[in-house]
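Spelled out, the chains give:
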Amino acid sequence: QVHLVQSGAEVKTPGASVKVSCKASAYTFTGHYMHWVRQAPGQGLEWMGWISPNSGATKYAQKFQGRVTMTRDTSITTAYMELTRLTSDDTALYYCAREGTGDLQNYFDDWGQGTLVTVSS
Amino acid sequence: QSALTQPASVSGSPGQSITISCTGTSSDLGNYNRVSWYQQYPGKAPKLVIYEANKRPSGVSTRFSGSKSGNTASLTISGLQAEDEADYYCFSYAAISTYVFGTGTKVTVL
């Protein structure tokens, strides 16, 4: 059974950076793109970008260009999302989501449990 | 990239059918069939219920159906049940390998 386990909650001050991890297991890590999605408290889902664990190629939503970096470590089947210059607007639950293959390419067939990032002075 | 537009809330009585709309533009939803719908319960991660506009993943109830016409996609839930009360989000490919979510719809079963 596919399993995506994310790192624990973080509290950051404005201007700081945060790096969230997503440990994948029970499937071929390099065979599926990994996306990051966030959800502010009481708000909707927001797509942030994706990384190809195979090549390391990335694509970010324009809104986060210059502030987000997605990386991966294939040796430990873990994807990372780092967001810099945090403001209170970045307070949200951050999810990693696995993109399917075949018919499910472009769709998310599994999700991490979410990592709460709180930005507060 | 602006979020796709969904109604904030839709409600129905048990057994009824409801439809949630999702409106985009010719740059995203209108130009691609890569539209999906996700169901999210409070405090839980989203779950895929419709992909490629009208296909159901294995294990998803046949009461869920999807369609797309022009710049608008729709999710219909037939035979509404209490367990369908949740938030629903559309999601579309938006060119140059980017994607966009809808604003989300809260479904209430009366």
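The rules behind the values
Residues numbered from 1 in each chain as written. Chains lettered and ligands numbered in written order. Predicted model: local features only at pLDDT ≥ 70, side-chain atom pairs only at ≥ 80, totals over all residues. Heavy atoms only, no water. Helix = DSSP H or I, 4+ residues; strand = E, 2+ residues; numbered from the N terminus. Polar contact = N/O pair within 3.5 Å; in protein donor to acceptor, adjacent residues only side chain to side chain. Contact = heavy atoms within 4.5 Å. Buried area = accessible area lost by both parts, 1.4 Å probe. Salt bridge = Lys/Arg side-chain N within 4 Å of Asp/Glu carboxyl O. Nonpolar A, V, L, I, M, F, W, Y, C, P; charged D, E, K, R; others polar. Buried < 20%, exposed > 50% of the residue type's maximum accessible area, 1.4 Å probe, protein only.

Caption draft 1: Just the side chain of Asp84(B), in detail. All names here are of chain B. Looking at the element boundaries, Asp-84 is found in the loop between strand 6 (72-77) and strand 7 (86-93). A distance of 2.6 Å separates a polar atom in the side chain of Asp-84 from a polar atom in the side chain of Arg-63. Ignoring anything within four residues of it in the chain, the contact list for Asp-84 reads Arg-63, Phe-64, Ile-77, Gly-79 and Val-107.

Caption draft 2: Broad picture of the environment of Ser120(A). Residues and elements named next belong to chain A. Position of Ser-120 among the secondary structure elements: in the segment after strand 11 (115-119). Residues Ser-120 and Thr-87 lie 33 residues apart in sequence; the distance between their C-alpha atoms is 8.0 Å. With residues near it in sequence (within four places) discarded, Ser-120 still touches Lys-12, Thr-13 and Pro-14.

Caption draft 3: Examining the interface of chain A and chain B more closely. Taken together, the contacts link 21 residues of chain A with 22 residues of chain B. Counting the surface lost from both chain A and chain B, the interface buries some 1,700 Å², and carbon and sulfur atoms represent 62% of this. Ranking the residues of chain A by area buried against chain B places Leu45(A), Asn106(A) and Tyr107(A) at the top, with a combined share of 35%. Taken together, the links from chain A to chain B amount to zero salt bridges. At the junction of chain A with chain B, the criterion picks out nine residue pairs in polar contact (both at pLDDT 80 or more). Going through the elements one at a time, strand 4 (34-39), strand 5 (45-51), strand 6 (58-60), strand 9 (92-99) and strand 10 (108-111) of chain A are the ones with two or more residues in the side of chain A that touches chain B. By residue number, the principal contributor to the side of chain A that touches chain B is strand 5 of chain A, which donates four residues. Of the residues contributing to the side of chain A that touches chain B, the split by class is ten nonpolar, seven polar and four charged.

Caption draft 4: Seen up close, the pattern of salt bridges. Inspection of the entire model under this criterion finds nine salt bridges over all chains. Two residues, Glu46(A) and Lys63(A), come together in a salt bridge whose shortest N-O distance is 2.7 Å. Of this pair, Glu46(A) sits in strand 5 while Lys63(A) sits in the loop between strand 6 and strand 7 (68-73), and the two are 17 residues apart along the sequence. Note on Glu46(A): relative accessible area 23%, which makes it partly exposed. On the basis of relative accessibility, which here comes to 54%, the residue Lys63(A) falls in the exposed class. Between Asp84(B) and Arg63(B) there is a salt bridge, with its nearest N and O atoms 2.6 Å apart. In this pair, Asp84(B) is assigned in the loop between strand 6 and strand 7 and Arg63(B) in the loop between strand 4 (47-50) and strand 5 (64-69), connecting sequence segments 21 residues apart. Residue Arg63(B) is classed as buried on the basis of its relative accessible area of 14%.

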